[in-house]
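Working through the structure, step by step
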Number of protein chains: 2
Amino acid sequence: MTLIDAALGKLPVDLLITNVQVANVFTGEVYPADIAIYQGRIAAVEKSATLPPRQAVDVLDGGGRIAVPGLIDAHLHIESTLVTPAHFAEAVLPLGITTVLEDPHEVANVLGIDGIRAMMAASQDIPLKVEYLISSSVPSAAGLERTGGVIGPDEVTALIGDPHVLGLAEVMDGAGILAGDERLRAILRAGGGGDGMRVDSPGVIEGHNPMLRGRELAAFVAGGVDSDHTLSTPEDLVEKARQGVVLMLQERYLSRESIAALEALPHDIGLCLVTDDVAPDYLLERGHLDQVLRRTIELGMDPMRALRSVTLNPARRMRLWDRGLIAPGRAADIVLVDDLADFHAHTVLVDGKIVAQDGRCLWSAPARDGMYDLTGTVPLPQQTAADFTIRAPVDNGRVPIHLIDCVPGQTLVRKSVVDIDIADGALQLADDMAFICVVNRYADAGERAFGVIRGLGIRQGAYATTYAHDGHNLCVVGRTPADMARAANAVIAADGGIAVVVDEAQTVIMPLPIAGILSEKPVHAAADQTRALGHALRTIGIDHPYWLMRISTFTLPVSSGLRITDVGLVDAGAGGGVAVFVKLRLGD
Amino acid sequence: MTLIDAALGKLPVDLLITNVQVANVFTGEVYPADIAIYQGRIAAVEKSATLPPRQAVDVLDGGGRIAVPGLIDAHLHIESTLVTPAHFAEAVLPLGITTVLEDPHEVANVLGIDGIRAMMAASQDIPLKVEYLISSSVPSAAGLERTGGVIGPDEVTALIGDPHVLGLAEVMDGAGILAGDERLRAILRAGGGGDGMRVDSPGVIEGHNPMLRGRELAAFVAGGVDSDHTLSTPEDLVEKARQGVVLMLQERYLSRESIAALEALPHDIGLCLVTDDVAPDYLLERGHLDQVLRRTIELGMDPMRALRSVTLNPARRMRLWDRGLIAPGRAADIVLVDDLADFHAHTVLVDGKIVAQDGRCLWSAPARDGMYDLTGTVPLPQQTAADFTIRAPVDNGRVPIHLIDCVPGQTLVRKSVVDIDIADGALQLADDMAFICVVNRYADAGERAFGVIRGLGIRQGAYATTYAHDGHNLCVVGRTPADMARAANAVIAADGGIAVVVDEAQTVIMPLPIAGILSEKPVHAAADQTRALGHALRTIGIDHPYWLMRISTFTLPVSSGLRITDVGLVDAGAGGGVAVFVKLRLGD
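A brief report on the enclosed structure follows. (Residues numbered from 1 in each chain as written. Chains lettered and ligands numbered in written order. Predicted model: local features only at pLDDT ≥ 70, side-chain atom pairs only at ≥ 80, totals over all residues. Heavy atoms only, no water.)

Contact residues are listed per partner, giving 71 residues for chain B and 71 residues for chain A. Summed over both partners, the interface of chain B with chain A comes to about 6,000 Å²; 57% of that surface belongs to carbon and sulfur atoms. Inspection of the region where chain B meets chain A yields eight salt bridges. The tally of links from chain B across to chain A stands at 30 residue pairs in polar contact (both at pLDDT 80 or more). Those elements that place two or more of their residues in the side of chain B that touches chain A are helix H1 (2-8), strand S3 (29-32), strand S5 (41-46), helix H5 (174-179), helix H6 (182-190), helix H7 (214-222), helix H8 (234-242) and helix H12 (303-308) of chain B. (Contact = heavy atoms within 4.5 Å. Buried area = accessible area lost by both parts, 1.4 Å probe. Salt bridge = Lys/Arg side-chain N within 4 Å of Asp/Glu carboxyl O. Polar contact = N/O pair within 3.5 Å; in protein donor to acceptor, adjacent residues only side chain to side chain. Helix = DSSP H or I, 4+ residues; strand = E, 2+ residues; numbered from the N terminus.)

What follows is about the nonpolar core. Across soluble globular proteins, nonpolar side chains have a tendency to be buried as a group. Counting residues in hydrophobic clusters, the biggest one holds 377 residues, and the most contacted among them are A:Leu128, A:Leu307, B:Leu128 and B:Leu307. It is helix H3 (residues 105-122) of chain A that provides the largest number of residues to this core, a total of nine residues. The contact partners of A:Leu128, leaving out residues within four places of it in the chain, are A:Phe88, A:Ala89, A:Val92, A:Leu93, A:Ile97, A:Thr98, A:Thr99, A:Val100 and A:Ser123. (Core = buried A, V, L, I, M, F, W, Y, C linked by side-chain atoms within 4.5 Å. Buried < 20%, exposed > 50% of the residue type's maximum accessible area, 1.4 Å probe, protein only.)

This part covers the pairing of strand S12 (residues 204-207) of chain A. On a regular strand, one side chain projects to one face of the sheet and the next to the other, so that they alternate. Residues and elements named next belong to chain A. Neither face of S12 is exposed, since Val204 and Glu206 on one face and Ile205 and Gly207 on the opposite face are all buried. In this sheet, S12 lies alongside strand S11 (residues 165-171) in parallel orientation, the contact comprising three bridges. Among the inter-strand pairings, Gly167 is bridged to a residue of S12, identified as Val204. (Pairing = 2+ DSSP bridges.)

Residues and elements named next belong to chain A. Under the definition given, this model contains 62 salt bridges over all chains. Where Asp200 meets Arg198, a salt bridge forms, and the shortest distance between an N and an O atom there is 2.9 Å. Owing to a relative accessible area of 52%, Asp200 belongs among the exposed residues under this scheme. Look at the salt bridges and you will find they share partners, linking Arg146, Asp444, Glu447 and Asp566 into a network.

The subject of this paragraph is the sheet that holds strand S31 (residues 576-578) of chain B. Residue and element names in this part refer to chain B. Read across the open sheet, the three strands follow the order S29-S30-S31; overall the sheet is antiparallel. Strand pairing shows two members of the sheet lacking a second neighbour, strand S29 (562-564) and S31, which therefore form its edges. Across the sheet, the mean angle separating the axes of adjacent strands is 45° when strand polarity is ignored. Note: S29 against strand S30 (residues 569-571), three bridges, orientation antiparallel. In the strand pairing of S30, Ile564 is matched with Leu569. (Axes fitted to C-alpha atoms, helices over the stretch in contact; angles between N-to-C directions.)

This next bit is on the packing of aromatic side chains. This structure, assessed with the given rule, holds three aromatic pairs over all chains. Between A:Tyr282 and A:Tyr546, the ring centres sit 6.3 Å apart and the planes meet at 35°, which makes this aromatic pair tilted. Of the two residues, A:Tyr282 sits in helix H10 (residues 280-285) while A:Tyr546 sits in the loop between helix H15 (523-539) and helix H16 (547-552), which places them 264 residues apart along the sequence. Their ring planes at 5° and their centres at 6.5 Å tell us that A:Trp321 and B:Trp321 sit as a pair that is stacked. (Phe/Tyr/Trp six-rings, centres within 6.5 Å; stacked < 30°, edge-to-face > 60°.)

The structure is reproduced here in structure tokens:
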């Protein structure tokens, strides 16, 4: 208990931060105080003028800056940044993010519990504190897609006791749980939920619930799922808060109206700001959780309230009793900033050690870690144009098909039915259409399903990606089967990745050899590659502010509208598969 | 997971509460809604007008009242009400209190871990939810008193895993911990504290810290002790909040200034209102936690904020995830009241069952439970006047003595030195003085220490009590040794209790045969007896608004000023014993 003695001044502290204003997110005040740090923890926060001087091994002059707690991201998928946890740490520590709540949903879809364990192991000895929530929806829609990994109740039970596992990650298939799906309910039970909240629950149970309202919302919450981070109107946010749901807002769902609606509630509802998915180029250009914080303040929230939403509120929600506040006994995760509203980290400490300064990470990821062994996950042979050709039910004529209809500027899709011409057995695409094909890369490697997509903007070429939510099978979209094969082969040759075929002469490839979804490179290299991909996509006509989400979510069977997996077209709302050609059954 | 199905309306709910306004302490709003209850939990809170009717086994018309969550008292000692947990439950359930955080500090001082276990067992099958914090300071000042029970690190370790044990109760001896007392630090470690807050801490660590400020306060908090419920000035409260301390206010420490100071902080600090110690007559006449709530509102706090301080805030502090809010998944602990500010429980439900109505408890304590076996704890022989006679160092003369000086109207005492006359070996008390004697009733039964007390008001007679904080040895105060023996013998004959000797002809006795500190009677009978005691005490000159605390805390060696235990006079501030006669050493 030397921390007590260090606090008393009986022992010299390791570091004394002087000349700072402390942002106290508990009381909401900002005032000058020194911060004494011992063995990684805050020993005291004190106004030095009134006290005898303190012995310290090191002194850090804070230059009059504001000291805030290290930021805590209560919900994200590191995989969305397409890098390993270590490379992710290098990129976000300089932004002031010191703890993240990782849902390893993508790696779990590829590799199951082994993938989660590999990621947890690779998160152990890095200065970023990566805490885990167990991916609860792998697959997100059982029977409607075939994933590489499956997380069931046994896997939840096996993981839930780990000290870095803080609960169950976003439960997505609310409809399935409400309908009585036994597998989903068993997962919920294994996570401590099912019949309400329990005092002895092993952790939190997080929700992903864009759809449920009224009695269905109540039932979902009664099952123990009491957070949400999906797109909601201000009215929906208030309805969820009234049901006791902890709200988590991400940047693309922020609005002045939503913030105003929540701030208008008489009591503080412990809002958390989160990132969910951040692409590598976006991270370098705009930022990460710090960007969500800035944007929230821009949209009208008081800076200290917003700061509490990325520090104390997520710490409490996640039962991280040692974090979220600059006060005695807490971990010395501290960020110095010049300004609260225009939040830019100047100096970042984790456990009392400076890990980043002036935007530079002082820590370097190891040359390789266990993540680099997660290769060989795209065991597909060379593909041909014939492999991407839809077989039509008639040789010539005009037939109705189901198609995936893009909603411009969003990642939503709708199910439409249109008539399409067939000539010599080949579908005649309209100008705004493309073929889409999903190829299984796991136990049923090579099996595939076809569809037609409209409104994506693609005018030429093709793209292929093994980063395709949630199953991360190989998804290929193109104007011609030949270009689709070319894109697919580029990805297969790279052992996973994203390839854009601009034309016969030009293919841009971002290799993602780790589980077929992560790069071996640092974020800046990944960002260069994603920028090149984005440029190539714009060249072939695909222009979207969140293009990575746009091109990788046609395959998401748990989401609304018409989607496609390796099994076939899926109408999630209707809860089942549909055939490309209307009136024919799935698999025909 | 039938709660989900009940919420959906697929199953009839057990109870539907209609025609109520729901006080949502999460958002701070009050609005009309029905509350659907199934198997003891809230399935849904819904505006019925917009929904299809719901099947319910029973319907309760709320009569337009406000439905609030059952009140949660985050810190108390049931023993202060001088009754068993079951009788306590009968008394507080009708007031709307449905969960209490019990620190069995008194019974632990008498009987150690066996006493705690007996009390926990007697709390199992009663509708009041009694959660336990392990008494951390038994004895409160080791070496300065001899108690019947001792709680050390082994006992903490043995108890901490119990599902109804939520942490470590008030750590009192901050000075001892800061000074490096190994036993105290080992207790702190066993409770999960010592070197700051831990993510995997087994529970909360509560503090009792009226004294520490500045670096000493920081050191105490750095040890993991981060709540406080002691008397503090508004400035001290703010200082503690700035150190991250969860503040708990009890009625006698409430003031308009304190509330205003905390409400002026920009952020909600999660204040909890608590009772600590409530005498049985006070409980019946004024109330319990409901009275603290009313008083807090009277003193200026917004009613919904005050309500949150007795519901959601304590639930969160104590990690009672299933309580504190009327929302899906939570326990159906619900109170119907006519008015929030003038809070008086009309109907009280625990786990969806009506347990009290119109001030009457519908549940009855069993005729006896395991508490009734905790007898035979006052193994003392008949006492004589000679047993209460102080031996003076000289036969005749005037000598300086240390005396316990009462502070009028408070429970504070000071150490004073006065000259006293001795005639024929007998101390000649001034009119405002009395003798005080503490007799061990445990392993060293019969051993005793003497002192002189001033300013208590006693003009005649004597009182004796085995309810005497914290060791609960037999404490006897009187004007003459003969009256002291009479009072002591009344208590010994009752196997424990409080006796007031008014004169030779009149002795009022309240038997407390359970551990020498608790009555076998219900609260109303105990209140009658305490009223009679209070009357008798006023007759002999002792008049104090909290007379039970006044007469039972001269023996509290952890508190400031001069105190007396079975070992001798204790100057807690100086950390050791002092002799009655100045310059003589303790034990001489």
